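Below are the chains, spelled out letter by letter.
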Amino acid sequence: MRNTGIAITGSGCAVPSASVDNQALTALVETSDEWITTRTGIKKRRVANNSESLSQLAAVASLKAIAMAGISAQDLDLILLTTSTPDDLFGSACQVQQALGANRAVAFDLTAACSGFIFGMVTAAQYIRTGVYQNVLVIGADILSRWLDWQDRTTCVLFGDGAGAVVMQASSSDKLLGFELRSDGSQNHHLNLAYSGQNQELTQGINISKGNYQAVTMNGKEVYRFAAQKVPEVIDKALFRANITVDSIDWLLLHQANQRILDTVAQRLGIPEHKVISNLANYGNTSAASIPIALDEAVRAGQIKPNHIIAASGFGAGLTWGAAIFQWGK
Ligand code: ACO
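Residues numbered from 1 in each chain as written. Predicted model: local features only at pLDDT ≥ 70, side-chain atom pairs only at ≥ 80, totals over all residues. Heavy atoms only, no water.

(A) Representation of the overall build of the protein chain. Counting its regular elements, the protein chain contains ten helices and 15 strands. What you see for the protein chain is a C-alpha radius of gyration of 19 Å, in line with the 20 Å of a compact globule of 330 residues. Expressed as a percentage of its 330 residues, the buried residues of the protein chain come to 53%. Sequence-distant contacts in the protein chain: of pairs separated by 6 or more residues, those separated by 24 or more amount to 76%. Accessible surface, the protein chain as shown: approximately 14200 Å² in total, 49% of it carbon and sulfur. Distance from the positive charge centre (25 side chains) to the negative charge centre (27 side chains) of the protein chain: 5 Å. (Helix = DSSP H or I, 4+ residues; strand = E, 2+ residues; numbered from the N terminus. Rg over C-alpha atoms; globule rule 2.2 N^0.38 Å. Buried < 20%, exposed > 50% of the residue type's maximum accessible area, 1.4 Å probe, protein only. Contact = heavy atoms within 4.5 Å. Areas by Shrake-Rupley, 256 points an atom, 1.4 Å probe, with all protein chains shown as cover. Lys, Arg positive; Asp, Glu negative; His and termini not counted. Charge placed at Lys NZ, Arg CZ, Asp CG, Glu CD.)

Put into structure tokens, the structure is as follows:
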């Protein structure tokens, strides 16, 4: 009998070397360290330069996760790269596969913005549960600095770049305890990185669209309201599916968008502050990368220990949101 339980056995992360603090942003837009700190909790963020690619960051994070899991790249059956900012619009997962030398693995991209990593974990879990694959690498990576309007103070101060990864393996015990995923396209307009084009005549009477992706636009207030309401709900639902109560949670691991959202969600769920993982002061909102980066840092710092129960939740563009309840380790 094949093992169809799931264990999350390794994590890793990688961030670009350049760090930009809030003060440095005052040279670009009318803002202040005080505004950014009090409204968001962010103090600095990493930004990728032209020689740092998404695939490279993802590969570095992945190698660390694979090493922690104690497997080799050749053991991987599947690589899921969750990103909204691939190096190549056709997808970047295969470039990561090549960089890792994971020649047995099938690799593809999955896009669900800041919810991407949670959606990726749950997707990976289905392949393991059905007995199809045993060793899956799930990566969350984004380089949103490429797609920000650095003259727009309502967005450019919020985001940063990075990558994080986990290895999920088939196991005799099942450590993915429950999950819930949601989408609502009717609110899509609140947060976009949209294509915009103009008609161009191809041949007589036939037009095509020529254009480019526009910078990130966000209605911060609406996204804030959405997150504060929907994230506690979706975590509650995932806890119900896991058949555990909120008191059993060792760590609340939310998408690192804004400290005020972290505080509000924790308060609404009745989770004390010392159980809330937060590293957004150092990295800002790294989109799909934020949960695996924060997970990896907490694991390596010895905060998250084997069998601790983690309630993780992502939320963002789509709009999409979701939660996964899992125990760390083999
Ligand atoms: N510096 C100084 N002032 C600013 C800045 C800035 N960087 N940005 C906005 N302001 C001004 C505004 O213009 C406004 O001025 P006004 O009152 O004169 O009009 C004032 O500050 C207040 O602006 P608000 O938008 O009301 O500020 P708010 O307290 O709502 O905070 C924020 C804004 C931080 C964006 C918040 O709404 C938020 O965090 N929203 C959620 C974002 C999020 O979670 N995104 C996650 C998904 S990301 C993804 O999926 C890719």
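(B) How the structure looks around the nonpolar core. One finds I235, L252, V265 and F315 to be the most contacted residues of the largest nonpolar core, which totals 42 residues. Within the residue set of this core, elements represented by two or more residues are α7 (220-242), β13 (251-254), α8 (259-269), β14 (309-316) and β15 (320-327). In terms of residue count, the dominant contributor to this core is α7 (nine residues). Both of domain 1 (5-174) and domain 2 (177-187 + 215-327) provide at least three residues apiece to this core. One finds M121, M168, W251 and A324 within the second-largest nonpolar core, a separate group that totals 32 residues. (Core = buried A, V, L, I, M, F, W, Y, C linked by side-chain atoms within 4.5 Å. Domains from an automatic or database assignment.)

(C) Spotlight on the environment of R225. Mapping R225 onto the fold places it in helix α7. Considered as a pair, R225 and K43 are 182 residues apart in the sequence and their alpha carbons are 23 Å apart.

(D) Spotlight on the packing of α7 against α8. α8 packs onto α7 with a crossing angle of 40° between their chain directions and a minimal axis gap of 9 Å. Viewed along their axes, α7 and α8 adopt a mutual orientation that is oblique. As α7 packs across α8, the resulting crossing turns out to be right-handed. Across the interface between the two elements, Y224, A227, A228, Q229, V231, P232, I235 and D236 from α7 touch R260, I261, T264, V265, R268 and L269 from α8. (Axes fitted to C-alpha atoms, helices over the stretch in contact; angles between N-to-C directions. Parallel < 35°, antiparallel > 145°, perpendicular 65-115°, else oblique. Left-handed = near helix turned anticlockwise from the far one by under 90°.)

(E) Structural view of the environment of R153. Looking at where R153 falls in the secondary structure, it is placed in helix α6 (residues 153-156). Of the residues examined, R153 reaches a relative accessible area of 47% and is grouped as partly exposed. Taking the C-alpha atoms as reference points, R153 and I36, separated by 117 residues in sequence, lie 9.9 Å from one another. Apart from residues no more than four positions distant in its own chain, R153 is found in contact with V29 and E30. Side-chain polar atoms of R153 contact the backbone oxygen of E30, separated by 3.0 Å. (Polar contact = N/O pair within 3.5 Å; in protein donor to acceptor, adjacent residues only side chain to side chain.)

(F) View of the domain arrangement of the protein chain. You can read the domains of the protein chain as domain 1 (5-174) and domain 2 (177-187 + 215-327). Taken together, the contacts link 46 residues of domain 1 with 43 residues of domain 2. Taking both sides of the interface into account, the surface hidden between domain 1 and domain 2 amounts to around 3400 Å²; carbon and sulfur atoms contribute 66%. Ranking the residues of domain 1 by area buried against domain 2 places C114, I118 and F119 at the top, with a combined share of 18%. Across the domain 1-domain 2 interface, the total number found is zero salt bridges. (Buried area = accessible area lost by both parts, 1.4 Å probe. Salt bridge = Lys/Arg side-chain N within 4 Å of Asp/Glu carboxyl O.)

(G) Highlighting the pairing of strand β7 (residues 161-171). Of all eleven residues making up β7, ten are buried, and the element is well covered by its neighbours. As judged from the nine bridges shared by strand β1 (residues 5-14) and β7, these two strands associate in the antiparallel manner. The partner of A7 across the bridge, within β7, is Q169. (Pairing = 2+ DSSP bridges.)

(H) Molecular detail of the sheet that holds β15. Strand order in the open sheet made by the four strands is β8-β15-β14-β13, with mixed pairing throughout. Looking at which strands have only one partner, the edges of the open sheet turn out to be β8 (176-183) and β13. Neighbour to neighbour, the strand axes of the sheet diverge by 10° on average, direction disregarded. Set on the sheet, helix α5 (residues 116-129) makes contact with β8, β14 and β15; between it and β8 the angle comes to about 125°. Against the sheet, α7 makes contact with β8, β13, β14 and β15, and its axis sits at roughly 145° relative to β8, the strand it touches most.

(I) Expanded view of the site of the ligand. Taken together, 26 residues are adjacent to the ligand, and T31, R39, C114, K221 and N258 come closest. At 3.0 Å from a nitrogen atom of the ligand is found a main-chain nitrogen or oxygen belonging to G220. In the model, an oxygen atom of the ligand is placed 2.3 Å from a nitrogen or oxygen of the K221 side chain. Isolated, the ligand exposes 1000 Å² of accessible area, and the fraction of that covered by the protein chains is 75%. It is α7 that provides the largest number of residues to the shell around the ligand, a total of four residues. In the shell around the ligand, the residues fall into 14 nonpolar, seven polar and five charged. Looking at which domains feed residues into the shell around the ligand, each of domain 1 (5-174) and domain 2 (177-187 + 215-327) gives three or more. (Near = heavy atom within 4 Å. Nonpolar A, V, L, I, M, F, W, Y, C, P; charged D, E, K, R; others polar.)

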